[in-house]
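These are the residues of each chain, in order.
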Amino acid sequence: MLGSRSENQRHFYVLLIAASCALSALAILRDPIVNEDGVFHLMLAREAAGTGFLAALAAFDHPVYPLLIAGLHRLSGLSLLASAHLLDAALLALLVASFTRFAATLCGERELAPWVALLVLLFPLLNEYRSFVLRDFGFWALMVSALLPLLRYQATMRWRDGLWWALLGAAAAAFRPEALVYMALLPLS
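Residues numbered from 1 in each chain as written. Predicted model: local features only at pLDDT ≥ 70, side-chain atom pairs only at ≥ 80, totals over all residues. Heavy atoms only, no water.

So what exactly am I meant to see when it comes to the overall build of the chain here?
Each helix and strand counted, the chain has 10 helices and 0 strands in total. When its helices and strands are written in sequence order, the chain yields α-α-α-α-α-α-α-α-α-α. For 189 residues, the compact-globule estimate of 2.2 N^0.38 gives 16 Å, and the chain sits close to it at 18 Å. Along the three orthogonal principal directions, the C-alpha set of the chain runs to about 50 × 35 × 30 Å. Burial statistics for the chain: of 189 residues in total, 41% are counted as buried. Residue pairs in contact within the chain that sit at least 24 positions apart in sequence constitute 64% of those at least 6 positions apart. (Helix = DSSP H or I, 4+ residues; strand = E, 2+ residues; numbered from the N terminus. Rg over C-alpha atoms; globule rule 2.2 N^0.38 Å. Buried < 20%, exposed > 50% of the residue type's maximum accessible area, 1.4 Å probe, protein only. Contact = heavy atoms within 4.5 Å.)

Next comes the structure, spelled out in structure tokens:
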């Protein structure tokens, strides 16, 4: 017996997130060398884990990504590199799920969601970066996640959707300040 439409949709997104995480794991196994930016972020995360979060906030220019790595390291007991890869895999899964949901909502046809998901999962440039330690994953994931509340806000003018859009945009700006420019220009487009 088939489940309800919302239950099927939930299962679809769980499978989509699992597929994205599996692709990230395969990419890390295939290319375990840490990129230059990744080394820098891991050094900052080590500093944050050693000196404490408040000292790291004062010492770093954009501390959110290294602080998240250090926090995950402390909570999980994983190495800093494993914590960074886990964080990045989660952010990429959020990116894939958010883009799929946004595109299906924008088109107005939920039947397109599997095709959009397949397109995003197989996107070569995204898969090329899956093994990197990169703060841009947070920026991309949160900016794409902000598109759906913006779309809802423009359609319904509900304040909650506008608030979600602003919060997700502010969170994206914590990873890369350029998000503020995108957030200012998005409603105009």
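Explain the environment of V120 to me, please; I cannot follow it from the model alone.
Structurally, V120 is set in helix α6 (residues 113–121). Here V120 falls in the buried class, since its relative accessible area comes to 9%. Expressed as a C-alpha distance, the spacing of V120 and A166, which sit 46 residues apart in the sequence, is 25 Å.

Teacher, can you tell me more about the environment of L168 here?
By secondary structure assignment, the location of L168 is in helix α9 (residues 159–175). Sequence separation between L168 and V144 is 24 residues, and the spatial gap between their C-alpha atoms is 9.0 Å. Look past the residues within four positions of L168 in its chain and what remains in contact with it is L142, S145, A146 and P149.

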